[in-house]
Amino acid sequence: MGTFYLSEPYCFVRKESERLKIYKDRTLIREVRVQEYSRFFIHESSTLTTDALMLLAEKGIDVVYFSGNRMIGRFVGPENKNVRLRIAQVKAHLSEEKSLHIARNLVLAKLKNTRTSLQRFARRRELELDPVILFLKQSMDHALRAKDLDELRGIEGMAAKRYFEAFPMLIQQSDFSFEGRSRRPAKDPVNALLNYGYALLKAELTGALQAAGLDPYIGYLHRERYGRESLALDLMEEFRCIMVDNLVVKMVNQGVVKRKDFHDDVGESRLKEHARKRFLQEFDRRRKDEVFHQLLQRKMSYREIFHKQAILLAKFIKGEADDYYPFLAK
Amino acid sequence: MEIFVEAHAINAYAYCPRRCYYEYVERVFYHNVYTIHGKLLHEHVDHAGREHRGERQLYRSLYLRSERLGLSVRCDVIEEAEGVLYPVEYKRGKQAGWENNHLQLCAQGLALEEWIGRKIPFGYLFYYGSFRREKVIFDDALRERTIQTIKAIRALHLQDQPPEGIDEWFRCKKCSMVDYCLPQERARLKGKVPWERFT
């Protein structure tokens, strides 16, 4: 079950029995069987009728509205009622010890997966990445001994900085430059792609956390600002590099997106419409890619892993599991 | 009594206590192909109402409570034939003789007894798979097991953690809670993550 992306603006979507009919300028442009999707992403100015929304809610399908690469809102059906879990989530948030424990595992998993990814690049392309790989290893040792959240965040921040310093080596297209991470605005096309990928990943994980009965706004590693999906950001850490960064590198290197697919508006790089659609397709395909989950010792699709990780996190928060077992790629 | 145990929970408990905990204490519910199938089949008895069928009088989708047992049940159908009242519960699949269905039906019988103040000696399970009815006699042994199960479920509500599950894969794989309960993963993931192995 995939995600349906409606990125065409000014569409009108209505329900007909179990299907959705998509009209543009009063002509039918597409018919969709809703059962084939688990999520609908709506971009820009399209309209869904109430009947269409009700059908989607009934089928338990998330409807997420986007403007550009920003998630504007979601329409979800009846929520998970696990009150005990919610209380446990807040208790863990208030406990410095438990927060540190969860945050540490998230950071360690991120460092490990980043290292795994760089080791793959080093092997395959004979790149000289040893210094940064070693740095990530040392960061893991430090993270294991970190005494509080601030120290842990410092270690994570330094490791991320070193990683993104080495990141340009992974990109083989000379017309794509990358000079450090920039969030808003994205200073170059690579950053624009990364930002978009992270936004999609965050929307995925927010959905997975909610499905598991967790509140995506109450996090452990990320907690300094209210009103953002801190727990989704937490859970993203173990996926950022292996799921998004690698996808971006692959798309750029294989020429799936080209330099001319971007416009540069006053210092901000933006994806053109057709390239954004392409990116969505690639991202969706990636969700279905199977990867080996080292702790569970089997291959699963990313989509399955997102949900599994959200439930595993809930289990540790509730005290049902001995530890939070993150996703570690092989 | 504060906690009212649902007759459906009795069915779940007899299948697996852990499933019962997740569904009725944590209130987490997932569908799978079997539960959806059951729900679709069930739709015709899910609307309250009454009808005549020959000599029989049918009351559909009736809610009953037993204050004495702390029990709340929904009966698919209560039938009246020749002055005798009895519950009929509709089930997907063929007649299988699963005890969990007997217990659930017996709980309906017990609640009905309290309501009308008359003994209910038996009930029926109707199977969509075979279109056959199975008569279930509410004997002392079945009544006793039903009451014990209700007590056990009430005790579950006071627990912080789920009880042990059946953890038998041939049954787990058909359970709608399998992706939440994670029996296989639980068997594999024990203790702390061995980070030394990964650094």
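Okay, so let's go over this structure. (Residues numbered from 1 in each chain as written. Chains lettered and ligands numbered in written order. Predicted model: local features only at pLDDT ≥ 70, side-chain atom pairs only at ≥ 80, totals over all residues. Heavy atoms only, no water.)

## Brief notes about the overall build of chain A
Turning to step 1, where the next piece is worked out: Scanning chain A from terminus to terminus reveals ten helices and twelve strands.
Turning to step 2, where the next piece is worked out: Relative to its full complement of 330 residues, chain A shows a buried share of 57%.
Turning to step 3, where the next piece is worked out: Of all intrachain contacts in chain A linking residues separated by at least 6 positions in sequence, the fraction that spans at least 24 positions is 63%.
Turning to step 4, where the next piece is worked out: Summing over all exposed atoms, chain A offers an accessible surface of approximately 14900 Å²; the carbon and sulfur share of this is 49%. (Helix = DSSP H or I, 4+ residues; strand = E, 2+ residues; numbered from the N terminus. Buried < 20%, exposed > 50% of the residue type's maximum accessible area, 1.4 Å probe, protein only. Contact = heavy atoms within 4.5 Å. Areas by Shrake-Rupley, 256 points an atom, 1.4 Å probe, with all protein chains shown as cover.)

## Structural notes on the pattern of salt bridges
It is possible for side chains bearing opposite charge to pair when their charged atoms get close.
Turning to step 1, where the next piece is worked out: Tallying each qualifying case throughout the model produces 39 salt bridges over all chains.
Turning to step 2, where the next piece is worked out: In this structure, Asp 284 of chain A engages Arg 287 of chain A in a salt bridge whose closest nitrogen and oxygen atoms are separated by 2.7 Å. Within this pair, Asp 284 of chain A and its partner Arg 287 of chain A are both found in helix 9 (residues 273-288), separated by three residues, close to a single helical turn.
Turning to step 3, where the next piece is worked out: Judged by its relative accessible area of 0%, Arg 287 of chain A is buried.
Turning to step 4, where the next piece is worked out: A salt bridge links Arg 27 of chain B to Glu 6 of chain B; the nearest nitrogen and oxygen atoms lie 2.8 Å apart. With Arg 27 of chain B in the loop between helix 2 (17-25) and helix 3 (33-42) and Glu 6 of chain B in strand 1 (residues 5-6), this pair connects stretches of sequence that are 21 residues apart.
Turning to step 5, where the next piece is worked out: The exposure class assigned to Arg 27 of chain B is partly exposed, which follows from its relative accessible area of 36%.
Turning to step 6, where the next piece is worked out: Beyond isolated ion pairs, a larger network of salt bridges with shared partners links Arg 14, Glu 16, Arg 19, Lys 21 and Glu 31 of chain A. (Salt bridge = Lys/Arg side-chain N within 4 Å of Asp/Glu carboxyl O.)

## Points about the environment of Leu 85 of chain A
Residue and element names in this part refer to chain A.
Turning to step 1, where the next piece is worked out: Residue position: Leu 85 is located in helix 2 (residues 83-94).
Turning to step 2, where the next piece is worked out: Residue Leu 85 is classed as buried on the basis of its relative accessible area of 0%.
Turning to step 3, where the next piece is worked out: The spacing of Leu 85 and Ala 314 is 229 residues in sequence and 7.1 Å in space, taken between C-alpha atoms.
Turning to step 4, where the next piece is worked out: Ignoring sequence-local partners within four residues, the contact set of Leu 85 consists of Ala 212, Gly 213, Leu 214, Ala 314, Ile 317 and Lys 318.

## A word on the pairing of strand 9 (residues 262-265) of chain A
All names here are of chain A.
Turning to step 1, where the next piece is worked out: Where strand 9 and strand 10 (residues 268-271) come together, four bridges link them in antiparallel fashion. Paired with Asp 264 across the bridge in strand 10 is Ser 269.
Turning to step 2, where the next piece is worked out: Remark: two residues form the turn of the hairpin made by strand 9 and strand 10, two consecutive strands paired antiparallel; Gly 267 in that turn has positive phi of roughly 80 degrees. (Pairing = 2+ DSSP bridges.)

## Some words on helix 1 (residues 50-58) of chain A
Residue and element names in this part refer to chain A.
Turning to step 1, where the next piece is worked out: Residues Ala 52, Leu 53, Leu 55, Leu 56 and Ala 57 constitute the buried set of helix 1.
Turning to step 2, where the next piece is worked out: In the core, the buried residues of helix 1 are packed alongside strand 2 (11-16), strand 3 (19-24), strand 5 (37-43), strand 6 (47-48), strand 7 (62-67) and strand 8 (70-75).
Turning to step 3, where the next piece is worked out: Directly after helix 1, the chain includes Gly 60, whose backbone phi takes a positive value near 70 degrees.

## Observations regarding the interface of chain A and chain B
Turning to step 1, where the next piece is worked out: Taken together, the 35 residues of chain A in the interface contact 27 residues of chain B.
Turning to step 2, where the next piece is worked out: Where chain A abuts chain B, roughly 2600 Å² becomes buried across the two surfaces, and 55% of that area is made up of carbon and sulfur atoms.
Turning to step 3, where the next piece is worked out: Taken together, the connections running from chain A to chain B amount to four salt bridges.
Turning to step 4, where the next piece is worked out: Measuring nitrogen to oxygen at the nearest pair gives 3.2 Å for the salt bridge that ties Arg 298 of chain A to Glu 185 of chain B.
Turning to step 5, where the next piece is worked out: In this assembly, chain A and chain B are joined by 19 residue pairs in polar contact (both at pLDDT 80 or more).
Turning to step 6, where the next piece is worked out: Mapped by element, the contributors of at least two residues to the side of chain A that touches chain B are helix 3 (96-125), helix 4 (130-145) and helix 10 (302-318) of chain A.
Turning to step 7, where the next piece is worked out: Among the residues forming the side of chain A that touches chain B, the class breakdown is 15 nonpolar, seven polar and 13 charged. (Buried area = accessible area lost by both parts, 1.4 Å probe. Polar contact = N/O pair within 3.5 Å; in protein donor to acceptor, adjacent residues only side chain to side chain. Nonpolar A, V, L, I, M, F, W, Y, C, P; charged D, E, K, R; others polar.)

## Quick look at the pairing of strand 4 (residues 71-81) of chain B
Residue and element names in this part refer to chain B.
Turning to step 1, where the next piece is worked out: In terms of burial, strand 4 is a largely internal element, ten of the eleven residues being buried.
Turning to step 2, where the next piece is worked out: Across nine bridges, the pairing between strand 3 (residues 56-66) and strand 4 is antiparallel. Each bridged residue has a counterpart across the sheet, and for Leu 58 the counterpart in strand 4 is Glu 79.
Turning to step 3, where the next piece is worked out: Connecting strand 3 to the next strand, strand 4, in antiparallel fashion are four residues, including Gly 70 with a positive phi near 65 degrees.
Turning to step 4, where the next piece is worked out: In terms of strand pairing, strand 4 meets strand 5 (residues 84-91) through five bridges, oriented antiparallel.

## A few points about the state of the cysteines
Residue and element names in this part refer to chain B.
Turning to step 1, where the next piece is worked out: The final tally for this structure, using the stated rule, is zero disulfides over all chains.
Turning to step 2, where the next piece is worked out: This cysteine, Cys 16, is not joined by any disulfide, and Cys 181 carries the nearest cysteine sulfur, 6.2 Å off.
Turning to step 3, where the next piece is worked out: Given a relative accessible area of 8%, Cys 16 falls into the buried group. (Disulfide = S-S within 2.5 Å.)

## Notes on the sheet that holds strand 2 of chain A
Residues and elements named next belong to chain A.
Turning to step 1, where the next piece is worked out: On the basis of which strands lie adjacent, the open sheet formed by four strands has the order 4-3-2-6 and mixed pairing. The open sheet terminates on both sides in strands that have one partner only, identified here as strand 4 (27-33) and strand 6.
Turning to step 2, where the next piece is worked out: Taken together, the six bridges between strand 3 and strand 4 define a ladder with antiparallel strand orientation. Across the sheet, Tyr 23 pairs through a bridge with Leu 28, a residue of strand 4.
Turning to step 3, where the next piece is worked out: Contacts from helix 1 reach strand 2, strand 3 and strand 6 within the one sheet, and its direction differs from that of strand 2 by about 60 degrees. (Axes fitted to C-alpha atoms, helices over the stretch in contact; angles between N-to-C directions.)

## Quick word on the packing of aromatic side chains
Turning to step 1, where the next piece is worked out: On inspection of all chains with the given rule, the structure shows 22 aromatic pairs over all chains.
Turning to step 2, where the next piece is worked out: Between Tyr 22 of chain B and Tyr 180 of chain B the ring centres are 4.9 Å apart and the planes differ by 80 degrees, which places this aromatic pair in the edge-to-face class. Separated by 158 residues along the polypeptide, Tyr 22 of chain B in helix 2 and Tyr 180 of chain B in helix 7 (residues 178-181) bring together distant segments of the chain. Across this residue pair, the class does not change: Tyr 22 of chain B and Tyr 180 of chain B are buried.
Turning to step 3, where the next piece is worked out: By way of ring pairs, the aromatic residues Phe 239, Tyr 302, Phe 306 and Phe 327 of chain A are connected into one cluster.
Turning to step 4, where the next piece is worked out: Sitting over the face of the ring of Phe 135 of chain A, Arg 162 of chain A holds its NZ or CZ atom 4.7 Å from the ring centroid.
Turning to step 5, where the next piece is worked out: We note Arg 171 of chain B situated over the ring of Tyr 15 of chain B; from NZ or CZ to the ring centre the distance is 4.9 Å. (Phe/Tyr/Trp six-rings, centres within 6.5 Å; stacked < 30°, edge-to-face > 60°. Lys NZ or Arg CZ within 6 Å of the ring centre and 35° of its normal.)

Distances and angles like these do not, on their own, reveal function.
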